[in-house]
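Read off the chains here:
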Amino acid sequence: MPRLFEPSMDVRRIATRLAPLAALAAWALAIPAFADPLDLPRERVTLVAPPFVHAHEQATTAGPKIMEFRLVAEEKPMVIDAAGTTVQAMTFNGSIPGPLMVVHEGDYVELTLVNPASNTMAHNIDFHASTGALGGGTLTLVNPGEEAVLRFKATRAGVFIYHCAPGGPMIPFHVVSGMNGAIMVLPREGLSDGQGHALHYDRVYYVGEQDFYVPRDDKGHYKTYKAPADAFNDTEKAMRSLVPTHVVFEGRVGALTGKDALTAKVGETVLIVHSEANRDSRPHLIGGHGDYVWETGKFANPPEKDLETWFIRGGSAGAALYTFRQPGIYAYLTHNLIEAVELGATAHFKVEGEWNNDLMTQVKPPSPIAAEGSSTALAPSRAPVRY
Amino acid sequence: MRPTSIPIIAATAFIALAAMAPRIDEKASEAPDMVVLAPQVFLYPMAGDFTRGGKPAAVPLREMRPPRPLAIMRREVTAAEYRRCIEDGGCLDVPGLADAGEHPAVTVSWRDATAYAAWLSRRLGATYRLPTDEEWAFAAGSRFTPLAAQASGNDPGAIALAAYEREAALAVAADGATNANENGLFDLTGALAEWTDTCYRHVELDAGAAPVVNCGIRVVEGSHRTYMPDFIRDPRAGGCSIGAPPRV
């Protein structure tokens, strides 16, 4: 693939100053030798809702492309827990988090951001993976009934947050109402361990962590509102407490458990992309590990190995690679266990395969405590034995 | 596909009350709807853990017969009924009580349930209490499924997966009208669990040693039998390191 030459401002300035030659310069700019990025092959990507990720190559020998994505800002009520607590959510494409986009380093991301006329608020998008214009935020601010198209070059490999940032207190309000997601910029040659060995995954899941600050009424019950604007004043007060009422994956308590639990097989390698646009988190896989973890999420840095818990800084995404070695149920959660168990940030993996007795064996099932010299002994009892 | 809405009630514990030979008095209009069951012989898989020579043993089956007719509530105590106890000072407020009054009272601990029974007894001048596990089993009849279905073999992974799938498949009975058992009792095997008064015990069958009994842990019945500390209001917190249970 030949190295591309982009028409620079210098070329244009020269063309302007040399007025008599302007026509010639214009002609020169138009010839194919000055290949514009628009001449690159284009690929339109159909996004899928998290935790799933659209089909993509892990490594590619092809040259850079223009990757076309479409995100629609969708304001709608969403239920975030089993008690039916409902928030006026703001979303990208209707899911919290928004969908994970995947491109390769050197690709161009061309995003169409749509704000349907049925919405009530202005929205935009700030890509942490992009360079300039507040991450694209100033170039994409769209009112209801408008759309904008942003193109940026993916110059750094890693997983990065994107989020709505329409200015002032609307920034945290939109983010904690659900308007955030992530993009994964893969190295063109794919992932590696930093020591020259390629790393691959059989599955990839995107776990988007979301903190909610739902206002309560005088009796302590969660309030509901008719529209995002109605919720703002109370929500801002709740936000300022910095104490979330819910911390969840995929927008609601239990979104990745039970029938919606994540799946894998023994021997499969899973990449878990984890983002939190606003607040710190501590992912941990109960019963497993992170074999290779890009804690800060940027693939030019070598991954850490054999981690028990890793740290996702608020406003960043990280990635963990793990090969399941044992079947059964795993919990993937934030290891602030109060947030995981009480506030909702727990997912489950169902892993099928053959049990490895060498890795773990139940030597003795739960039984009465054996005292020295006798086979059984009484365990402490909180109440008199009555039998 | 993910559903767009979630049932109001999570997998939580609620209470059923049994009254042995209640005296129905002037406050009968407030008295719970009771089913009276005539004594019959039934086969009862005993509650607790059993070992023989230190290894897990099959749960012993006992032929049992209630000594007298058993009067037991047809359905669970509702949120509205429980709230009346709170307002009257007989019960503590609990965080997960449904707004909808006709929903079962959920997120109540064994202590809460016992307090409710004591309050109801005072109020109505009759003796109400939690059923023993034997009484619950007798009343549940054909719906009594104490033993969680086991995966074949002893693969811990397969056992865990089978248990998880079973839990995940449970659904809350939205309306008791369609799921009565042959005794006319409702909601015995949904995603909710019910407290019994029976204490946890561990029995070594061979040694002749006294069983280990712990009344800080009570037998819980529902879709299958389990054991929970008496202060637990939300069974998700019942000691499972997996954390949040399958969504219902």
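This is a predicted model, so every value here is computed, not measured.

Any chance you could explain the overall build of chain B here in plain terms?
Each helix and strand in chain B was counted, giving 4 helices and 11 strands. Counting the 248 residues in chain B, one finds 42% classified as buried. In chain B, the share of contacts with a sequence separation of at least 24, taken over all contacts with a separation of at least 6, comes to 68%.

Help me understand the overall build of chain A in this model?
Secondary structure assignment for chain A yields 5 helices and 21 strands. The contacts in chain A between residues at least 6 apart in sequence include a share of 73% that link residues at least 24 apart.

I'm lost on the nonpolar core in this one. Help?
For soluble globular proteins, the rule of thumb is that nonpolar side chains tend to be buried together. Ranked by internal contacts, the top residues of the largest apolar core, which has 95 residues, are Phe160, Ala182, Ile183, Met184, Val185, Ile272 and Val273 of chain A. For Phe160 of chain A, the contacting residues outside a window of four places in its chain are Phe127, His128, Ala129, Ala182, Ile183, Val185 and Ala317 of chain A. Counting residues in each nonpolar core, the second largest holds 31 residues, with Val106, Trp110, Leu192 and Val219 of chain B among its members.

How should I be thinking about the environment of Asn181 of chain B in this particular structure?
All names here are of chain B. Positionally, Asn181 belongs in the loop between helix H4 (156-169) and strand E9 (193-204). The partly exposed category is assigned to Asn181, around which 17 C-beta atoms lie within 10 Å. Taking the C-alpha atoms as reference, Asn181 lies 9.9 Å from Phe144; in sequence the two are 37 residues apart. The residues touching Asn181, leaving out its near neighbours within four places in the chain, are Ala140, Gly141, Ser142, Arg143 and Leu188.

Would you explain the sheet that holds strand E12 (residues 203-212) of chain A in this entry?
Whether parallel or antiparallel, the strands of a sheet pair through hydrogen bonds between backbone atoms. Residues and elements named next belong to chain A. Strand order across the open sheet formed by 6 strands is E13-E12-E15-E19-E17-E18, with mixed pairing between neighbours. This sheet does not close on itself; its edge strands, each paired only once, are strand E13 (246-249) and strand E18 (304-307). Strand-to-strand twist of the sheet, defined as the mean angle between neighbouring strand axes without regard to direction, takes the value 25°. Here 8 bridges tie strand E15 (residues 269-276) to strand E19 (residues 316-323), and the two strands are oriented antiparallel to one another. Counted as the bridge partner of Val273 is Ala319 from E19.

What is the right way to read helix H1 (residues 79-87) of chain B from this model?
Because each turn of an α-helix spans 3.6 residues, side chains separated by three or four positions in sequence point in the same direction. All names here are of chain B. Among the residues of H1, those classed as buried are Ala79, Tyr82 and Cys85. All buried residues of H1 fall inside an arc of 115° around its axis, so they share one side. For H1, the secondary structure elements touched by its buried residues are helix H2 (110-124). At the exit of H1 stands Gly89, carrying a positive phi of roughly 85°.

Could you clarify how one ought to interpret helix H4 (residues 228-240) of chain A in this entry?
All names here are of chain A. Taking 1.5 Å of rise per residue, 13 residues should cover 18 Å, and H4 covers 17 Å from first to last C-alpha, within 8% of that figure. At Asp234, H4 shows its maximal bend, which comes to roughly 40°. Three or more residues of H4 are buried, namely Pro228, Ala231, Thr235, Ala238 and Met239. Trailing H4 by a residue or two, Leu242 shows a phi angle of about 65°, which is positive.

What am I meant to see in the confidence of the model for chain B here?
Low pLDDT means the predicted atomic positions in that stretch should not be read closely. Residues and elements named next belong to chain B. Here chain B averages 76 in pLDDT, and 75% of its residues register 70 or above. For chain B, the element scoring lowest by mean pLDDT is strand E1 (residues 13-15), at 38; H2 scores highest, at 94. Low pLDDT (under 50) marks residues 238-248, which in the prediction has 39 contacts with non-local residues, meaning those over four places away or in another chain. Scored as a whole, the predicted complex attains pTM 0.78, and scored at its interfaces, ipTM 0.73.

Rules behind the numbers
- Residues numbered from 1 in each chain as written.
- Chains lettered and ligands numbered in written order.
- Predicted model: local features only at pLDDT ≥ 70, side-chain atom pairs only at ≥ 80, totals over all residues.
- Helix = DSSP H or I, 4+ residues; strand = E, 2+ residues; numbered from the N terminus.
- Buried ≥ 20, exposed ≤ 12 C-beta atoms within 10 Å, placed from the backbone.
- Contact = placed C-beta atoms within 7 Å.
- Core = buried A, V, L, I, M, F, W, Y, C linked by C-beta atoms within 7 Å.
- Pairing = 2+ DSSP bridges.
- Axes fitted to C-alpha atoms, helices over the stretch in contact; angles between N-to-C directions.
- Arc of directions from axis to C-beta.
- Expected span 1.5 Å × (residues − 1).
- Bend = angle between axes of the 7 residues up to and from the residue.
- pLDDT = per-residue confidence, 0-100.

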